[in-house]
Amino acid sequence: TNPSLLILPGDGIGPEVMAEVRKIIGWMGDKRGVTFDVSEDLVGGAAYDKHGVPLADETMAKAQKVDAVLLGAVGGPKYDDLDFSVKPERGLLRLRKEMDLYSNLRPAQCFDALADFSSLKKDIVSGLDIMIVRELTSGVYFGEPRGIFEEGNERVGINTQRYTESEIERGARSAFELAMKRSKRLCSMEKANVMESGILWREVVTHVGKDYPEVELSHMYADNGAMQLVRAPKQFDVIYTDNLFGDILSDCAAMLTGSLGMLPSASLGAPMANGRPKALYEPVHGSAPDIAGEGKANPCACILSFAMALRYSFDMGEEADRLEAAVEKVLADGIRTGDLLNDAGVTPASTSEMGNAVIAALDAS
Ligand code: NAI
Ligand code: MG
C-alpha cells in the first residue's frame, strides 16, 4: 500500500505554500513513480468557518490513522476575537496533544546561497546543519500548580517545571536515534546547576546514552548553550533540550539561517503499529496575513517540511536529499521570493514561480 499523507493547508498563506508541495507530490508520482495516498481537510479558521470548531472530530480521527500529517498554517485577524476555545491555534494544539507529539525537531540549516541573510558572519554559519530536539508535551508550560494567586497583599504568578523520568527518556531516545542517523553527536542542554528537573534530566539522558555507545554525548548548561549557538554553532549536531529552553534556543538558532520562510519542523510521537512515529510536519512560520492572497509567500519552509516527512516518516532519505538539493539550487540560481531579497531593484519570484523552479531543478537532477 502507498504511504498515506493528510494535508491540512489551513489559513492565510497556508493554502498558497501547500499548493507548491502538491505540485512536488505530483512530480514524484509522474517522474519517480512514488505515489502517496493524499487526503486533504480543514484546520484552523478554515475549519471554524465550516464546522464551528478549529478541528473537526473526523479530521482528528483521520490524522490518527495516516502515516504523516502536513500542515500549512493557522490563524488570522478574522479570527482574533473568537472565544479561546475555538481559536484557530486550538486546532493545532489539539493535533499535537491527541497525537501525543512529544519530540519537536527544528533543523537550523544554512544554505550557502543564503549565508548573507544570517544575523551572523558568513564563516560562522556557512554550511551550518544542526537539529534541535525540543521536548514538546511537558515542562513548565504544562506543570501544576499554575495560576495567579493571592499571597498576602499581592498576587503571585506561578508555573511549575515538572518532568518525569519517562518524559525525559522518550524524548532522549528520539534524539539519540536522530543522532545515529546524522553525525553521532548529541548535546543535552539543561540547567542542572540550579534546577532539580535539570539534575534529573542529565541523569536520565546519561542513562539512555548507554544504549547508544556510538553517540558522543555531551552536556551543557542552556545559558552557555545560547552563547555557543551564536559564537560557534557548527560545534553542534543534535541538541536535546526541554520545552522552555527548546522554544528559545530553536528560535535563536533559526535566526542563524536567514528567513522564517525557509524553516521547516517536525513533531514526532510514539511509533505506530507499522513502526513509523506519529508525525506532524509544518513550517515554523504562521499564516502571514500581511502578505496572504498576494502570491508573495516563500513556499520553501513548507516544501522542506515535506522533505522532512520523506526522511522521517517514509524512509525516503534519498528523495528528501534530492528535494533539499533542488531548493538549494534554486536559491543559488538567485530565484527568490521577496523575503530572501535585500535589493529592492530585483523583482521577487512569486510563490508559484518559486515552486516551479524547484520542480525544474528536480527535473534537472
Ligand atoms: P507569521 O509567521 O505569520 O509572520 C511573521 C512575518 O514573517 C510576516 O511579516 C510575514 O509576512 C513573514 N512571513 C512568514 N512566513 C513567510 C513566508 N513563508 N514567506 C514570506 N514571508 C513570510 O507570524 P505572525 O505575523 O506573528 O502571525 C500571523 C498569524 O499566524 C497569527 O494569527 C498567528 O497566531 C498565526 N501563527 C500560526 C502559526 C502556526 O500555524 N503554526 C505559527 C505562528 C503564528
Ligand atoms: Mg517560540
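The structure presented is a predicted model; accordingly, all values stated were derived computationally and were not measured. Per chain, the residues get numbers from 1 upward, laid out in the order the sequence is written. For naming, the first written chain is A and the first written ligand is 1, with later ones following in the order written. The predicted nature of this model means local features are confined to residues of pLDDT at least 70 and side-chain atom pairs, given and counted, to a pLDDT of 80 or more, with totals for whole chains, interfaces and linings taken over all residues.

## Remarks on unusual backbone geometry
What counts, and what does not: Working definition: helices are DSSP H or I runs of at least four residues, strands are E runs of at least two. Numbering for both runs from the N terminus. Whether a residue is buried, exposed or partly exposed is read from the other C-beta atoms within 10 Å of its own C-beta, which are placed from the backbone; 20 or more gives buried, 12 or fewer gives exposed, and intermediate counts give partly exposed.
Of note, the bond from Glu 144 into Pro 145 is cis; its omega dihedral lies within 30 degrees of zero at 0°. With respect to the element layout, Pro 145 can be found in strand E6 (residues 143-151). In this structure, Lys 184 is a non-glycine residue whose phi angle is positive, near 60°. Along the chain, the position of Lys 184 falls in the loop between helix H6 (165-181) and strand E8 (185-190). Lys 184 gets classed as partly exposed once you count the C-beta atoms within 10 Å, which come to 15.

## Considering the environment of Glu 40
Turning to its location among the elements, Glu 40 is positioned in strand E2 (residues 37-40). Taking the C-alpha atoms as reference points, Glu 40 and Lys 62, 22 residues apart in sequence, are found 9.9 Å from one another.

## Here's the deal with the domain arrangement of the protein
Note the following rule: Just so you know, the domain bounds were taken from an automatic or database domain assignment. By the convention adopted here, residues make contact when the C-beta atoms placed from their backbones lie within 7 Å. Three classes are used: nonpolar for Ala, Val, Leu, Ile, Met, Phe, Trp, Tyr, Cys and Pro, charged for Asp, Glu, Lys and Arg, and polar for all others, with Gly counted as polar.
The domain architecture assigned to the protein consists of domain 1 (1-109 + 260-365) and domain 2 (129-255). Taking only C-alpha atoms into account, the centre of domain 1 sits 26 Å from that of domain 2. Listed as interface residues are 15 residues of domain 1 and, on the opposing side, 16 residues of domain 2. The set of elements that each furnish at least two residues to the side of domain 1 that touches domain 2 consists of strand E4 (103-109) and strand E11 (264-271). Ranked by residue count, the leading element in the side of domain 1 that touches domain 2 is E4, at seven residues. For the side of domain 1 that touches domain 2, the residue count by class is eight nonpolar, four polar and three charged.

## Remarks on helix H10 (residues 300-312)
Given 3.6 residues per turn, any residue in an α-helix points the same way as the ones three and four places further on. The cut-off we apply is this: By this rule the span expected of a helix is its residue count minus one, scaled by 1.5 Å.
With 13 residues, H10 extends 18 Å from end C-alpha to end C-alpha; this agrees with the ideal 18 Å at 1.5 Å per step. Burial within H10 is extensive, with 12 of its 13 residues counted as buried. Inspection of H10 places Cys 300, Ala 301, Cys 302, Ile 303, Leu 304, Ser 305, Phe 306, Ala 307, Met 308, Ala 309, Leu 310 and Tyr 312 among the buried residues, and these make up the whole buried set. Elements that come into contact with the buried residues of H10 comprise helix H1 (14-32), strand E3 (68-73), E11, strand E12 (277-283), helix H11 (317-332) and helix H12 (351-364).

## A look at the nonpolar core
Basically, it comes down to this: By definition, a nonpolar core groups buried Ala, Val, Leu, Ile, Met, Phe, Trp, Tyr and Cys residues that are joined through C-beta atoms within 7 Å.
Ranked by size, the top nonpolar core spans 104 residues in total, and within it Val 69, Leu 70, Ile 239, Ile 303, Phe 306 and Ala 309 carry the most contacts. At 11 residues, the largest contribution of residues to this core is made by H10. No fewer than three residues from each of domain 1 (1-109 + 260-365) and domain 2 (129-255) sit in this core. Ignoring any residue separated from it by four or fewer positions in sequence, one finds Leu 70 in contact with Leu 5, Ile 7, Val 21, Tyr 281, Ser 305, Phe 306 and Ala 309.

## Here we look at the pairing of strand E7 (residues 154-160)
Basically, it comes down to this: Two strands form a pair only when DSSP identifies at least two bridges running between them.
With zero of its seven residues buried, E7 lies for the most part at the surface. Pairing of E6 with E7, which is carried by six bridges, proceeds in the antiparallel orientation. Directly across from Phe 149, in E7, lies its bridge partner Val 156.

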